[in-house]
Structure formats: structure tokens, C-alpha cells
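Okay, here's what each chain looks like letter by letter:
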Amino acid sequence: MDSPVKMHTKDLNFFYGDFQAIHNVSIDFTQNQVTALIGPSGCGKSTYLRCLNRMNDLIPGIRVTGKAVLDDQDIYDPSLDVVTLRRRVGMVFQKPNPFPKTIFENVAYGLKVNGVKDKAVITRVVEKSLKQAAIWDEVKDRLNESALGLSGGQQQRLCIARALAVDPEVLLMDEPASALDPIATQKIEELIDQLSSKLTIIIVTHNMQQAARVSDRTAFFYMGKLIEVNDTDTLFTKPELKQTEDYITGRFG
């Protein structure tokens, strides 16, 4: 039996003022699968990703047409609560961005914003999230120290723990390992693999080997358009379009 589609976009267009950055993109994101978005720099991957939890709303002069749907709800419906949306669709950015607070407070932050006051509950969820993000053993004796004292790879896993604490259904990852060394990158990739049994993950990566390693499906973007989307193995070994083949064999991009 096919897994259900957790999220999809239909004919999604995105404009910065008069400039159209995304053109008619339609993709289904299957529940508990990892989908990688690949393509050259500036091709719209990150812009598209940010459409999926309305992070672009923070930029003045933007406009979105078409549909972006989570379960059965259009996320651009004016009645939708964006705070609730961003709890359900979490995000991890390219550069680790821990708050200048303790490790514990970083992970507890989203819970408190969402009105959780019970200290025992907060403590339990912080521990669970740090374990899920495969960093608990490294920080369990340092929870009251500043998160800014962690290494880059640890900070990124802390940011993943922070995103997991509010129990999202979808996790967006914008080049989450591009600022990290190979060992930290491997830890993030192993983590993606573990989390995909519980979450729908959409990852932007410029690293095609990484896309091949971590994803079930891959979507190739070029100049703001979706060129091809398929199972990762198929896309990398038997792409349908010459343009995809040229990109993955390194002829351009």
C-alpha cells in the first residue's frame, strides 16, 4: 500500500515584487519519506522550501499563487494560524542558529511559546528531543551552559532538537550540513535517516551525493522551475530528461 501524501503543492508560483522566483511547481511529499530538492545555486530551492511553512511571509512585497496543502488544508488560507503551521512544519536552517541561552532553554523555548508551563513535562520533552537529535550524551551534563559554546555540528543538532521539541509532522531542512565538517555531516545524515520513520522530511542540498544517500525521492530544480521529480535511484541512474542528466553528471551547475 502506498503511503499517504502528507503535503503537496499544486501550480505554486512565488513572486518577489515583479520577479517570479518559482514557476508552477507541483510536488507530492509522501508521509515518512525524505525528499531532496537539488539544483544549482539560485534556482529557487530554498525559496520553494520556505513557501512550505510561510517563512517568506516575513519579506515585504511577496506574492504566492497556486496551492500548498498540508493534509487537506491550504496553508495560504487566510483563516490559517501561521504559528500553528510553523509548529507542525518545523525548519532547520543552513547555519546553526541557537539562541544565546542555555542548551536546555534552547530546546524548551518552543514549548514555552506554545503555553507549556509544567516543568516536569518540559524537562521530559527536552531530554527526549535531545535524544532524538542524537546529542543527549554530549550535552546531558552541560544543559545549563550556553548553547553558543557547542561546536558547529553540535549546534546544528541542537537546532534540530529545538525543532523536534514541539512535535512537528514535517521537517524542512535548508542545506543543514553545508557549514559542517565531514564527521558532523555524517551525524546529521544518520539523524535524517532515523527521523524519517516518524516525520516527513524535505531537504534542500547542493550536494548530490548527500541527496543520493539520504533521500527516497529527489526533485531537480532549475531557474525556479521543477524539471523532474522521481524516486532518487531512478532520477540519478535513469533520468527522463537530458537536462537532469547533464546536471547530475556535472556538465553544468
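This one's a predicted model, so the numbers in the text were calculated from it and none came from an experiment.

Within the chain, the regular secondary structure consists of ten helices and ten strands. Here the chain has a C-alpha radius of gyration of 18 Å; the compact-globule value for 253 residues is 18 Å, and the two agree. In terms of principal-axis extent, the alpha carbons of the chain reach across some 55 × 45 × 40 Å. Counting across all 253 residues of the chain, residues that qualify as buried make up 51%.

Angle between the axes and distance between the axes are the two parameters that describe a pair of packed helices. Where helix 3 (residues 103-113) contacts helix 4 (residues 119-132), the axes come no closer than 9 Å and their chain directions differ by 120 degrees. In this structure, helix 3 meets helix 4 at a crossing whose hand is right-handed. Residue-level contacts link Phe 104, Val 107, Ala 108, Leu 111 and Lys 112 of helix 3 to Ile 122, Thr 123, Val 125, Val 126, Ser 129 and Leu 130 of helix 4. In the contact of helix 3 with helix 4, the residues fall into eight nonpolar, two polar and one charged.

It is worth spelling out helix 6 (residues 152-165) at this point. Over its 14 residues, helix 6 extends 20 Å from the first C-alpha to the last, a length consistent with the 20 Å expected when each residue adds 1.5 Å. Most of helix 6 sits inside the fold, with 13 of its 14 residues counted as buried. Backbone geometry just after helix 6 places Asp 167 at a positive phi near 60 degrees.

How each quantity is defined
Residues numbered from 1 in each chain as written. Predicted model: local features only at pLDDT ≥ 70, side-chain atom pairs only at ≥ 80, totals over all residues. Heavy atoms only, no water. Helix = DSSP H or I, 4+ residues; strand = E, 2+ residues; numbered from the N terminus. Rg over C-alpha atoms; globule rule 2.2 N^0.38 Å. Buried < 20%, exposed > 50% of the residue type's maximum accessible area, 1.4 Å probe, protein only. Axes fitted to C-alpha atoms, helices over the stretch in contact; angles between N-to-C directions. Left-handed = near helix turned anticlockwise from the far one by under 90°. Contact = heavy atoms within 4.5 Å. Nonpolar A, V, L, I, M, F, W, Y, C, P; charged D, E, K, R; others polar. Expected span 1.5 Å × (residues − 1).

In short, geometric facts, not functional conclusions.
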